[in-house]
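Chain by chain, the residues:
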Amino acid sequence: MKMKYEKYWGNIEKMNLLLFVAVVLDPRYKMKYIVYWFNKWYAKPKTESMVKKVGGAIDSASGSCVTSDVASSSMSSASNIHDPWKSAIKEFQHHLAQEDNGECKIEVDQYLLEASEPPYTLDFDNLGWWRVNSSKYKILSNVA
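We now turn to the structure provided with this report. (Residues numbered from 1 in each chain as written. Predicted model: local features only at pLDDT ≥ 70, side-chain atom pairs only at ≥ 80, totals over all residues. Heavy atoms only, no water.)

### Let's talk about the overall build of the protein
Step number 1: Helices and strands together make up the secondary structure of the protein, namely seven helices and zero strands.
Step number 2: Looking at the protein as a whole, 29% of its 144 residues are labelled buried.
Step number 3: Long-range contacts, defined as pairs at least 24 residues apart, comprise 66% of the intrachain contacts of the protein with a sequence gap of at least 6.
Step number 4: For the protein, the accessible surface area stands at approximately 9,800 Å², while carbon and sulfur atoms represent 61% of it. (Helix = DSSP H or I, 4+ residues; strand = E, 2+ residues; numbered from the N terminus. Buried < 20%, exposed > 50% of the residue type's maximum accessible area, 1.4 Å probe, protein only. Contact = heavy atoms within 4.5 Å. Areas by Shrake-Rupley, 256 points an atom, 1.4 Å probe, with all protein chains shown as cover.)

### A look at a nonpolar patch on the surface
Step number 1: A contiguous nonpolar surface patch, about 460 Å² in accessible area, is contributed by Tyr 5, Tyr 8, Trp 9 and Leu 19.
Step number 2: Ranked by the residues each element gives to the nonpolar patch, the list is headed by helix 1 (residues 2-10), at three residues.
Step number 3: Tracing the chain through its elements places Leu 19 in helix 2 (residues 17-24).
Step number 4: On the basis of relative accessible area, Leu 19 is assigned to the partly exposed category, the value being 41%. (Patch = residues over 30% accessible without salt bridge, like charges linked within 9 Å, V, L, I, M, F, W, Y side chains within 5 Å. Salt bridge = Lys/Arg side-chain N within 4 Å of Asp/Glu carboxyl O.)

### A closer look at the packing of aromatic side chains
Each aromatic ring pair is described using two quantities: the centre-to-centre distance and the angle formed by the ring planes.
Step number 1: Applying the stated criterion across every chain, the model contains 13 aromatic pairs.
Step number 2: Ring centres of Trp 130 and Tyr 137 lie 6.1 Å apart, and the angle between their planes is 65 degrees; this geometry places the pair in the edge-to-face category. Across the pair, exposure class does not vary: Trp 130 and Tyr 137 are buried alike.
Step number 3: Among the aromatic side chains, those forming a connected cluster through ring pairs are Phe 20, Tyr 29, Tyr 33, Tyr 36, Trp 37, Phe 38, Trp 41 and Tyr 42.
Step number 4: Geometry around Tyr 111 places Lys 30 over its ring, the cationic atom sitting 4.5 Å from the centre. (Phe/Tyr/Trp six-rings, centres within 6.5 Å; stacked < 30°, edge-to-face > 60°. Lys NZ or Arg CZ within 6 Å of the ring centre and 35° of its normal.)

### Notes on the environment of Val 108
Step number 1: Residue placement: Val 108 occurs in helix 5 (residues 84-113).
Step number 2: Each C-alpha atom of the pair Val 108 and Leu 25 lies 9.8 Å from the other, and the pair is 83 residues apart in sequence.
Step number 3: Ignoring sequence-local partners within four residues, the contact set of Val 108 consists of Ile 58, Asp 59, Ser 62 and Leu 140.

### A short note on the environment of Tyr 29
Step number 1: On the secondary structure map, Tyr 29 appears in the loop between helix 2 and helix 3 (30-41).
Step number 2: When the C-alpha atoms of Tyr 29 and Leu 112 are compared, they prove to be 9.6 Å apart, with 83 residues separating the residues in sequence.
Step number 3: Every residue in contact with Tyr 29, bar those within four places of it in the chain, is listed here: Val 23, Ser 116 and Pro 119.

### Points about the side chain of Thr 47
Step number 1: Position of Thr 47 among the secondary structure elements: in helix 4 (residues 44-77).
Step number 2: Overall, the relative accessible area of 4% leaves Thr 47 in the buried class.
Step number 3: Excluding anything up to four places from it in sequence, Thr 47 contacts Phe 38, Asn 39 and Tyr 42.

### A word on the packing of helix 2 against helix 3
Step number 1: Here helix 2 crosses helix 3 at 125 degrees, and the two axes come no closer than 7 Å. Relative to helix 3, the element helix 2 lies oblique. Residues Phe 20, Val 23 and Val 24 of helix 2 form the contact with helix 3, whose own contacting residues are Lys 30, Met 31, Tyr 33, Ile 34 and Phe 38.
Step number 2: By residue class, the composition of the contact of helix 2 with helix 3 is seven nonpolar, no polar and one charged. (Axes fitted to C-alpha atoms, helices over the stretch in contact; angles between N-to-C directions. Parallel < 35°, antiparallel > 145°, perpendicular 65-115°, else oblique. Nonpolar A, V, L, I, M, F, W, Y, C, P; charged D, E, K, R; others polar.)

### Points about the nonpolar core
Step number 1: If you look at the biggest cluster of nonpolar residues, it comprises 21 residues, and the most contacted ones within it are Phe 20 and Tyr 111.
Step number 2: Only helix 2, helix 3, helix 4, helix 5 and helix 6 (126-132) provide two or more residues apiece to this core.
Step number 3: For this core, the element with the most residues is helix 4, which contributes four residues.
Step number 4: Those residues within four positions of Tyr 111 in sequence are excluded, and the remaining contacts are Val 24, Leu 25, Asp 26, Pro 27, Lys 30, Trp 129, Trp 130, Tyr 137 and Leu 140. (Core = buried A, V, L, I, M, F, W, Y, C linked by side-chain atoms within 4.5 Å.)

Pasting the structure below:
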């Protein structure tokens with residue numbers, strides 16, 4: 001039993017980053033929760049390394065969400081490429097995709113800086129929270 005624990009949970013650097021991303025996307029905990037426990041359990045260099053990895057995973061997940069949204073909308077309009085309005089929309093979407101990579105970063109930062117929900121709420125509905133706040137966090141709500 002201890003061997004299985006060590007295999008899956010013993011080394012933090014081998015753990016699946018999505019476990020930590022899920023905690024960060026929980027509006028009750030966010031990144032502060034991860035940083036608190038990493039600082040409590042591990043040395044400072046390992047904590048800093050893991051916080052960067054988790055942040056990078058969130059950034060890459062939110063960045064890939066934008067490009068996939070644009071790609072899917074571009075594919076749907078590709079059949080009507082002869083229509084000048086559709087090609088103009090496609091060109092503009094491509095332009096927005098290039099600009100929105102910075103917006104993803106801003107949205108993640110805005111989410112992380114916002115105050116957390118009270119952690120003691122037992123019947124908290126994460127998906128409901130993301131549904132309500134999807135207009136505020138368009139990209140992250142798709143990731144969540």
